[in-house]
Structure formats: C-alpha cells, structure tokens
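# Summary of structural features
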Amino acid sequence: MDDLKNKTILVTGASSGIGKECAILASKEGANIIITGRNVERLKDTFEKLDKSGNHKLFAADLCNQSDVDSLILNLPKLDGIVFSAGVSNVLPAKFIRKKHIDETMDLNFNSVVLLTAGILSKKLINNNASLVFISSAVTKYPYVGASLYIAGKMALDGYVKVLALELAAKKIRCNTISPNFVKTPLLGTEEQLIMEEAIEKHKNIHPLGMGMPEDVANAAVYLLSEKAKWLTGTNLFLGGGI
Ligand SMILES: NC(=O)c1ccc[n+]([C@@H]2O[C@H](COP(=O)([O-])OP(=O)(O)OC[C@H]3O[C@@H](n4cnc5c(N)ncnc54)[C@H](OP(=O)(O)O)[C@@H]3O)[C@@H](O)[C@H]2O)c1
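Now for a look at the structure at hand. (Residues numbered from 1 in each chain as written. Predicted model: local features only at pLDDT ≥ 70, side-chain atom pairs only at ≥ 80, totals over all residues.)

### Side note on the overall build of the chain
Secondary structure assignment for the chain yields eight helices and seven strands. Taken against the 2.2 N^0.38 rule, which gives 18 Å for 243 residues, the C-alpha radius of gyration of the chain at 17 Å falls within 12% of a compact globule. Seen through its principal axes, the chain has C-alpha atoms that stretch 45 × 40 × 40 Å. Per-residue burial for the chain yields a buried fraction of 43% across its 243 residues. Looking at the chain alone, contacts between residues at least 24 apart form 73% of all its contacts between residues at least 6 apart. (Helix = DSSP H or I, 4+ residues; strand = E, 2+ residues; numbered from the N terminus. Rg over C-alpha atoms; globule rule 2.2 N^0.38 Å. Buried ≥ 20, exposed ≤ 12 C-beta atoms within 10 Å, placed from the backbone. Contact = placed C-beta atoms within 7 Å.)

Written out as structure tokens, the structure reads:
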C-alpha cells in the first residue's frame, strides 16, 4: 500500500465520483493529496475520507474561472502527479445544440484541462518523472445518440494528451488517458434525467461485466501514477467493462 509514498498529487473533480475515489485511493497508497472542486461541503467529505497519515490540502476552485485557476496554481506545491477528473456531460441531439452548450461542455472538459496544465507547467510545478492522468471516456469508441458534444470534447482531450506526452517525455513526465465505459456516479444520474434516456439505457446494456464503479477507475489511475507505469506515456487505458 505504498505505491505513491511521498508523492504529491493534485486531483480535480475530487468532490464527487471518480475524482473522489482517485483521491481516496491515492492517499491510501501513501500520497499527499490536494483536492479541488467547487462544492466545499462535498470536498470536505472527501477530505475526511483521505488516509490520515498524509499531508493533504483542500482548495475550492471553479476551473472555468481563470482567477480561481490562478489562485489554485499560486497555492500548489511541486507535484508528482495530477488526475484530471473534473468533467460534465451534456446530452443533446445535434439539431438542438447552441453555442452555449458547446461552451459549457468544452470550457470544462477541454479548455480548463489545457489551461490548468499550461499554468502549472509555466510555473515549473511538475517534478521530473511525474505522471499526469486524464479521464477521457469509452464513448469516443462506442458512441450513443445525443453524446456528440461530450464525445467531441473527449476526443479533443485524447489528441491533446498524445502531443503533451511527446513534449514532456524529455523530463520523463508521463501523460496518459483513461477511458472508462459507464461508471456509477452522479454524472450518470444527471444524464438519466435528460431526454436521451433510451439511448443511454441501450448503451448501459453493452457492458458484459456490468457497469463500472469509481474504484475501478481509481485503481487504473493509481497504476498510471505509480512507478510501475514508468514506460507508459501517450497511451490510453481503455476500461470497457468487457467491450
Ligand atoms: N461516470 C461515467 O460513466 C464516466 C464515464 C467515462 C468518463 N467519465 C469522466 O470521468 C470524469 C469524472 O466524472 P464523474 O462520473 O466522477 O462525475 P461527477 O461525479 O459528476 O463529478 C464531476 C466532478 O467535476 C467537478 N466539476 C464540475 N464542474 C466543475 C467546474 N466548473 N470546476 C471545477 N470542478 C468542476 C465536480 O465538482 P463540483 O460540483 O464540486 O465543482 C465533480 O467533482 C469526467 O471527466 C467524466 O467525463 C465518467
């Protein structure tokens, strides 16, 4: 249980779902964790669940607000890893898409990741041999009706990470994506209330191993953060639940 001993790791989207579980599991593997998200109450709940032996920090920030991002960066120590888990899902048929929907989805799922990474890199806050883990999605390979914006954002992220991996390889900083299929989190709950319920229901049934749990993704993230994955960069870990 010490794969991440003495490493300092930032987790975005740590107030819920996959990010929360990544933070908890990484803390149990010995890491010091900085958790971020907008909702302070939910962040506190995550904080309470982190392994008590570490030196953890909580920093509330809206990653779509540049001044919040700047303050977060100012408060960061040197990092050995980042899990980029903050994300939204906007499920809408193509004919109903308006600019505000594009902005809502891309601002968080793509722009905020690129800008946070740029800010952290320019302040030289990433140690050599660090590992950056980006949560993409299996829907890029197995699309469903209504998910065009969400998929476009995740595919943009996949492309970005491939180039980032090349740019940071000289410092042995590794950059990989994880693409989970459907995982039981509040994100999915929101989708279910939306109009594409039938398409989503159909998609859920494609998992031979059933739907995933947040810890299934967290286990993969901890592996990629650890030295055990030291020869992996620019790649994608596909968690398809059997597909
Ligand atoms: N669940 C799935 O089936 C599934 C499958 C594949 C990929 N994914 C991806 O996995 C990642 C995590 O999803 P999840 O299922 O864990 O969703 P979730 O439970 O809804 O968590 C989303 C997280 O993003 C944070 N967030 C939302 N807007 C934010 C903003 N403007 N600034 C900062 N943080 C913000 C939320 O925190 P606050 O509300 O506190 O800000 C929350 O912690 C996402 O990137 C998602 O696309 C999920």
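### Overview of helix α1 (residues 17-28)
With twelve residues, α1 extends 17 Å from end C-alpha to end C-alpha; this agrees with the ideal 16 Å at 1.5 Å per step. Buried residues dominate α1, accounting for eleven of its twelve residues. Buried within α1 we find Gly17, Ile18, Gly19, Lys20, Glu21, Cys22, Ala23, Ile24, Leu25, Ala26 and Ser27. At the C-terminal side of α1, Gly30 shows a positive phi close to 100 degrees. (Expected span 1.5 Å × (residues − 1).)

### Quick look at the pairing of strand β2 (residues 32-37)
Burial runs high along β2: six of the six residues are buried. Of the two faces of β2, the one holding Asn32, Ile34 and Thr36 and the one holding Ile33, Ile35 and Gly37 are both buried throughout. As paired strands, strand β1 (residues 8-11) and β2 are joined by four bridges and run parallel to one another. Within β2, the position partnered with Ile9 by the bridge is Ile33. For the handedness criterion, the β-α-β arrangement of β1, α1 and β2 is classed as right-handed. Here β2 pairs with strand β3 (residues 57-60) via four bridges, running parallel. Residue pairing for β3: Ile34 is matched across the bridge by Lys57. Regarding the hand of the β-α-β motif, the stretch spanning β2, helix α2 (residues 40-49) and β3 is right-handed. (Pairing = 2+ DSSP bridges. Right-handed = clockwise from strand over helix to strand, strands pointing away.)

### A look at the site of the ligand
In the vicinity of the ligand lie 27 residues, with Gly17, Arg38, Gly87, Thr185 and Leu187 positioned nearest. Counted by class, the shell around the ligand contains 13 nonpolar, eleven polar and three charged residues. (Near = placed C-beta within 6 Å. Nonpolar A, V, L, I, M, F, W, Y, C, P; charged D, E, K, R; others polar.)

### Structural notes on the sheet that holds β3
The seven strands are arranged β3-β2-β1-β4-β5-β6-β7 in an open sheet whose pairing can be described as parallel. Edge positions in the sheet fall to β3 and β7 (236-239), since each of these pairs with one other strand and no more. Sheet twist, expressed as the average angle between the axes of neighbouring strands with direction ignored, equals 15 degrees. Across five bridges, the pairing between strand β4 (residues 79-84) and strand β5 (residues 126-135) is parallel. The residue of β5 that forms the bridge with Ile82 is Leu132. Most of the contacts of helix α5 (residues 148-168) go to strand β6 (residues 174-180), to which it runs at about 160 degrees, and overall it touches β5, β6 and β7. (Axes fitted to C-alpha atoms, helices over the stretch in contact; angles between N-to-C directions.)

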